[in-house]
Amino acid sequence: MKTRQLPFAATHLPGVPAPPEVSPDAELLRRLKARAAELPIEGNLPAFTGANAWLNSPPLTPAGLRGKVVAVDFWTFTCINWLRTLPYLRAWAKKYGDKGLVLIGVHTPEFPFERDIENVRRAVRDLKVEYPIAVDSDHAVWNAFDNNYWPALYLVDAQGVIRNHQYGEGAYEMSEMVIQQLLAEAGFSGFRDDLVSVDPQGPEVAADWSSQESPETYLGYGRGDTFASPDGVVPDAPHRYTSPTRLRLNDWALAGNWTVTDGAAKLIDAGGRIAFRFHARDVNLVMGPGKNGDTVRFRVFIDGKVGGAVHGSDVDAQGQGTTSEQRTYQLIRQSGEIDDRTFEIEFLDPGVEAYCFTFG
């Protein structure tokens, strides 16, 4: 049952001054400040002095950032887990960038080719990353934060104190609410407490965790496992591998003339294949030509068939694609019911280097 709302002038005593009106914006900021006061203290923002270079910005320092709310995001451009957070990072930079937030990406490499600043520069351009980037090729900033994860997000208040962190994907709503709380605490305004909406595409689409039963799998012998080619790996030497007729779930195999190093499988002759028995919606592969400027053509098969509606964003409907740079390639995206399936990729040219499978 609704009650009738009387005008304020008819409900307070004559001669008693009416209390000042509180605007909705002021009330929002009051609530956000109260929540910010409950956030923990997690240490001071370390310096970025170990960065090898900066992209999209001159070098930034904790002293120069004082008075701003800072979000520090550790990433590397092949990391599928980070790629799936990128739509939110872009949206936060756009929504709050003129409201007191400074978003800093710290690019700390996992694979050797990610140490090359030109590769980082290309990835920043291709991925439309427009906020400041500290290039951390020697892991100096990573170590200063005592960080261990890609991605990792640290939220820092206007006094240079870390107040929140998030390791890995997810918790986007919570992270954005903390950003709002720290902005209000610092005296910034002009934003609402609604949360950003994103429309990710390709590999940036969130994983289907309910159907994913295949783990990240490295192809170099340093961290590789579940390798199923007969006789196992011959380290650091050319070897002609064969693939077994049957793979168990999450087993993988090589076929053709390859050299398997500590960090990668490198194809010597055209016609080499990689097979993987997987259970997931998406199949991604970190790979690229071993020599800059080269192009390697490939074909993708699912359960022995080429093409179809399950191809990823880097493969056409006939199952064909090319790799001309070292990055993460989305090779399979399925819809509907997910089951155990066999993925194969055949390289029509030599020279590819394959590093790691990821799934989504």
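Residues numbered from 1 in each chain as written. Predicted model: local features only at pLDDT ≥ 70, side-chain atom pairs only at ≥ 80, totals over all residues. Heavy atoms only, no water.

A.B. asks: Pulling in residues and values, what's your account of the overall build of the protein?
C.D. replies: Tallying secondary structure elements over the protein gives 7 helices and 18 strands in all. Summarising its shape, the C-alpha atoms of the protein cover approximately 95 × 55 × 30 Å along the three principal directions. Counting every atom, the protein has about 17,200 Å² of accessible surface; 51% of that belongs to carbon and sulfur. Of the side-chain charges in the protein, 35 are positive and 47 negative, and the distance between the mean point of each set is 5 Å. (Helix = DSSP H or I, 4+ residues; strand = E, 2+ residues; numbered from the N terminus. Areas by Shrake-Rupley, 256 points an atom, 1.4 Å probe, with all protein chains shown as cover. Lys, Arg positive; Asp, Glu negative; His and termini not counted. Charge placed at Lys NZ, Arg CZ, Asp CG, Glu CD.)

A.B. asks: Can you break down the packing of aromatic side chains residue by residue, with the values?
C.D. replies: Each pair of aromatic rings is reported with the distance of its centres and the angle of its planes. According to the stated counting rule, one finds 27 aromatic pairs in the structure shown. Centre to centre, the rings of Phe278 and Phe359 are 6.2 Å apart; their planes meet at 20°, and the pair counts as stacked. With Phe278 in strand β11 (residues 273–278) and Phe359 in strand β18 (residues 352–359), this pair connects stretches of sequence that are 81 residues apart. Both residues of the pair, Phe278 and Phe359, belong to the buried class. Among the aromatic residues, those joined into a cluster by ring pairs are Phe48, Trp54, Phe74, Trp142, Phe145, Tyr149, Trp150, Tyr154 and Tyr167. Sitting over the ring of Tyr218, Arg223 keeps its end group 3.8 Å from the ring centre. Note that Arg327 overlies the ring of Tyr329, its terminal NZ or CZ placed 3.9 Å from the centroid. (Phe/Tyr/Trp six-rings, centres within 6.5 Å; stacked < 30°, edge-to-face > 60°. Buried < 20%, exposed > 50% of the residue type's maximum accessible area, 1.4 Å probe, protein only. Lys NZ or Arg CZ within 6 Å of the ring centre and 35° of its normal.)

A.B. asks: Can you break down the pattern of salt bridges residue by residue, with the values?
C.D. replies: By the definition in use, this model includes 29 salt bridges. Across the pair Asp251 and Arg248 runs a salt bridge whose closest N-O atoms are separated by 3.2 Å. In this structure Arg248 comes out as exposed when scored by relative accessible area, which is 63%. In this structure, Arg327 engages Glu325 in a salt bridge whose closest nitrogen and oxygen atoms are separated by 3.1 Å. The class for Arg327 is partly exposed, based on a relative accessible area of 22%. We classify Glu325 as partly exposed; its relative accessible area is 22%. In the salt-bridge network here, residues are joined through shared partners; they are Arg122, Arg125, Asp126, Asp314, Glu325 and Arg327. (Salt bridge = Lys/Arg side-chain N within 4 Å of Asp/Glu carboxyl O.)

A.B. asks: Could you give an account of the confidence of the model for the protein, with specific residues and numbers?
C.D. replies: In the predicted model, the protein carries a mean pLDDT of 93, and 93% of its residues have values of at least 70. Confidence drops under a pLDDT of 50 for residues 1–14, and excluding neighbours within four residues, the segment shows 3 contacts in the predicted structure. Confidence over residues 18–22 falls short of pLDDT 50; this stretch has 3 contacts with residues more than four positions distant or in other chains. (pLDDT = per-residue confidence, 0-100. Contact = heavy atoms within 4.5 Å.)

A.B. asks: An account of helix α7 (residues 172–185) is needed here, citing residue identities and associated values.
C.D. replies: An α-helix turns once per 3.6 residues; consequently, residues spaced three or four apart project the same way. Taking 1.5 Å of rise per residue, the 14 residues of α7 would be expected to cover 20 Å, and the 20 Å separating its terminal C-alpha atoms lies within 8% of that figure. Most of α7 sits out of view: 10 of its 14 residues are buried. Along α7, the residues classified as buried are Tyr172, Ser175, Glu176, Val178, Ile179, Gln180, Gln181, Leu182, Leu183 and Ala184. At the C-terminal side of α7, Gly187 shows a positive phi close to 95°. (Expected span 1.5 Å × (residues − 1).)

A.B. asks: Give a description of the nonpolar core that names residues and reports values.
C.D. replies: Counting 47 residues, the largest nonpolar core has Trp82, Trp92, Leu101, Leu127, Val129, Tyr131 and Ile133 as its most contacted members. At 6 residues, α7 tops the list of elements feeding residues into this core. Once you skip the residues sitting within four places of it in the chain, Trp92 turns out to touch Gly97, Leu101, Leu153, Tyr172, Ser175, Glu176, Ile179 and Val196. Grouped together as the second largest cluster of nonpolar side chains are 32 residues, Trp252, Leu267, Ile274 and Val315 included. (Core = buried A, V, L, I, M, F, W, Y, C linked by side-chain atoms within 4.5 Å.)

A.B. asks: Provide a residue-level description of helix α5 (residues 117–126), including the pertinent values.
C.D. replies: What α5 keeps buried is the set Asn119, Val120, Arg122, Ala123 and Val124. You can read the cap of α5 off the contacts: a side-chain oxygen lies 2.8 Å from the backbone nitrogen of Glu118, and it is on Asp116. Taken from the residues just after α5, Lys128 is the one with a positive phi, measuring 60°. (Polar contact = N/O pair within 3.5 Å; in protein donor to acceptor, adjacent residues only side chain to side chain.)

A.B. asks: So what's going on with the sheet that holds strand β6 (residues 162–167)? Residues and values would help.
C.D. replies: Taken in spatial order, the 6 strands make up an open sheet running β1-β4-β3-β2-β5-β6, and their pairing is mixed. The open sheet has two edge strands, β1 (53–55) and β6, and neither has a second partner. The sheet shows a mean angle of 20° between the axes of neighbouring strands, taken without regard to direction. Alignment of strand β3 (residues 101–107) against strand β4 (residues 133–135), held across 3 bridges, turns out to be parallel. (Pairing = 2+ DSSP bridges. Axes fitted to C-alpha atoms, helices over the stretch in contact; angles between N-to-C directions.)

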